[in-house]
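Read off the chains here:
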Amino acid sequence: MELIGTLTELAKASGCADLAGCRSIVQAAAEEQRSLIYSVLDSKLVDETVFLKGVSRWLEIPWWSEPIIGVPGPLREKVPAKTALRYHVLPLQEDEDGISIAFYDPFDLLARQALASSLHQRIIYVMSTRTQIVKALRQGYGVGAETFEAILEGRSEEELGLDAEQETNVLDLDDSEASVVKFVNQILREALEQRATDIHIEPLQDDLQIRYRIDGVLHDVPVPPNIKVLQASVISRLKIMAQLDIAERRLPQDGRINLELDGQAIDVRVATIPSVTGESISLRLLGQEKFTFDRLGLDKQLQLRIRQLLALPNGIVLVTGPTGCGKSTTLYTFLSSLNTKERRIVTVEDPVEYKLSGVIQIAVKPEINLTFATGLRSILRGDPNVIMVGEMRDRETAEIAIRGALTGHLVFSTLHTNDAIGGITRLVDMGIERFLVANSVRAFIAQRLVRVLCPRCKRPAQHLKDYLKEIGFPLEHASNVMAAAGCDQCRHTGFEGRAAIFEICLVTPRLQDMVTQGSQEAVLHATAIDDGMIPLRHHGWSKVIAGITTVEEVVRVTAADLEMVDE
Ligand SMILES: [Zn+2]
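These numbers were taken from a predicted model, which means no experiment stands behind them. (Residues numbered from 1 in each chain as written. Predicted model: local features only at pLDDT ≥ 70, side-chain atom pairs only at ≥ 80, totals over all residues. Heavy atoms only, no water.)

Colleague: Teacher, can you tell me more about helix α3 (residues 36-43) here?
Modeller: In an α-helix, one turn spans 3.6 residues; hence positions three or four apart end up facing the same way. Across the eight residues that make up α3, a large majority, six, are buried. Taken together, the buried positions of α3 are occupied by Leu36, Ile37, Ser39, Val40, Leu41 and Ser43. Capping the start of α3, Ser35 holds a side-chain oxygen 3.4 Å from the backbone nitrogen of Ile37, two or three residues further along. Lys44 occupies a position one or two residues after α3 and carries a positive phi of about 60 degrees. (Buried < 20%, exposed > 50% of the residue type's maximum accessible area, 1.4 Å probe, protein only. Helix = DSSP H or I, 4+ residues; strand = E, 2+ residues; numbered from the N terminus. Polar contact = N/O pair within 3.5 Å; in protein donor to acceptor, adjacent residues only side chain to side chain.)

In structure tokens:
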């Protein structure tokens, strides 16, 4: 009883407002013989650092206030992953006095016993926060290290024989048996928890590299040393999950995995690439995303323009920009807002990235001659209201889309060009008649993604006025410019998430005439601005002034010499 009382007192001292609630949580944990410290921390009622410092003072266990960076190599062998990760104990350093071990639950006697029986040295216990210990354990031992060690010990050799029949693909099944299956699941789970959009598993000469793409940027995933020995098993396991041919290692293959985590379905697109150092595998994680206008981050004026476009009964709306600039998200947002019972929406995509309920989605299959053009032609026979074509790559597709627009359909598609006006030139270059472009396309929307500043660590930027002037930033707003710093919350990148910037060129009657007459791009551009188009970079500045992103981000994505690959 005294223990519960003291812990409740310490919780009170560390900001807990709901003392009765805290007391009953601790009491319940005690009755069920669960960890009392865990129960308080999990309740999120206290400030973790203040509470644990209180515990350390009470029990007179020293507090470790220096930064913790990973685990020194020799200590990783003395305290193996299975002990460290199971009990959340972190070896810090070794000297003549003994081995220093950081923990945050001094009441975990099993942890102390496990350490005492494997280390035949004096152990000096210190306390630190759970956040810091868990993070350092992940850094020091690598994702899935405990499982990995068990596999190496051969505890579950029979499970290495991978069985496609026992397929569940449910990540939160807590399979206590260590196996490659569990190891792969840990990699997937970790990726989802970190909001990764892609996982790349890449064999190097003498290592296996795993990287996550988070907010558009690749991050190395800490993995256990010697992971190379599991390379073949990990890749085979993923190929089985994606129902690929595991014997085929020389040709690229594509597949899908339908995962489930916490009851939520996650669609994963899998691609294998045979490289000279071995077969690599890339996974794209497609959550069940919500496509809302809020998410696009449009200001009122742009939102109004887009809503007007979406209300049109017919015509073409083209979204332009390089690969990975968020064009699909924008198109799915448009389709979602039009997705009502009165409208029949059909798409032809390569591939279908998100499944929209109520929308008929067709994936192109060139091997059976189902291309954008043939798919679109058959869609038009099926009486749709709204059509989305993944990309206008060729004249045939563009011509059918134009015919669709001219016969009363609203058509959405994308073009691989830099800016909005560039879309006009691209269509003309494809061989489309100028007057057809002028009379069928209602708008060209150019788009880019900028990284969003981490709200916790962003700080005022120190830019030279000359530089801001040179890049065209409005100097009167110079004091609003923020810069990236970096903190624990944003993986020391200074950024968290991404936002879109747009350039919307409505094809006004004036522009229609000019396009038909064959005016130069520069003239079209000037006219579009005159008619209300806000250039991409200027829209970017508004995001800088609002403290959402940095000057560098906007310059990076709107640089004139964008590496555009023109097919
Ligand atoms: Zn931060």
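From this point, the narrative continues.
Colleague: What should I look at first to understand the pattern of salt bridges in this one?
Modeller: When charged atoms on two side chains of opposite charge get close, those side chains can pair. All told, the structure shown has 19 salt bridges when counted by the stated rule. For Asp198, the salt bridge is made with Arg284, and the minimal N-O distance between the two is 3.0 Å. Within this pair, whereas Asp198 is found in strand β4 (residues 198-203), its partner Arg284 is found in strand β9 (residues 278-286), the two being separated by 86 residues in sequence. Residue Asp198 is classed as buried on the basis of its relative accessible area of 7%. A salt bridge links Glu248 to Arg250; the nearest nitrogen and oxygen atoms lie 3.6 Å apart. Looking at Glu248, the relative accessible area reads 16%, which means it is buried. Overall, Arg250 belongs to the exposed group, its relative accessible area being 70%. (Salt bridge = Lys/Arg side-chain N within 4 Å of Asp/Glu carboxyl O.)

Colleague: Looking at this structure, I do not really get the state of the cysteines. What am I missing?
Modeller: Considering all chains together, one arrives at zero disulfides under this definition. Cys325 takes part in no disulfide bond, and the closest cysteine sulfur to it belongs to Cys505, at a distance of 16 Å. Judged by its relative accessible area of 4%, Cys325 is buried. (Disulfide = S-S within 2.5 Å.)

Colleague: Would you take a moment to explain the coordination of the zinc ion for this structure?
Modeller: Binding of the zinc ion to the protein goes through Cys454 (SG), Cys457 (SG), Cys487 (SG) and Cys490 (SG), at separations of 2.3 to 2.4 Å. Classification of the site at the zinc ion rests on its four donor atoms, whose angles at the metal span 105 to 113 degrees, yielding the label tetrahedral. (Donors = N, O, S within 2.8 Å, 3.2 Å for Na, K, Ca; no water. Tetrahedral: all angles 85-135°; square planar, octahedral: opposite > 155°, others 65-115°.)

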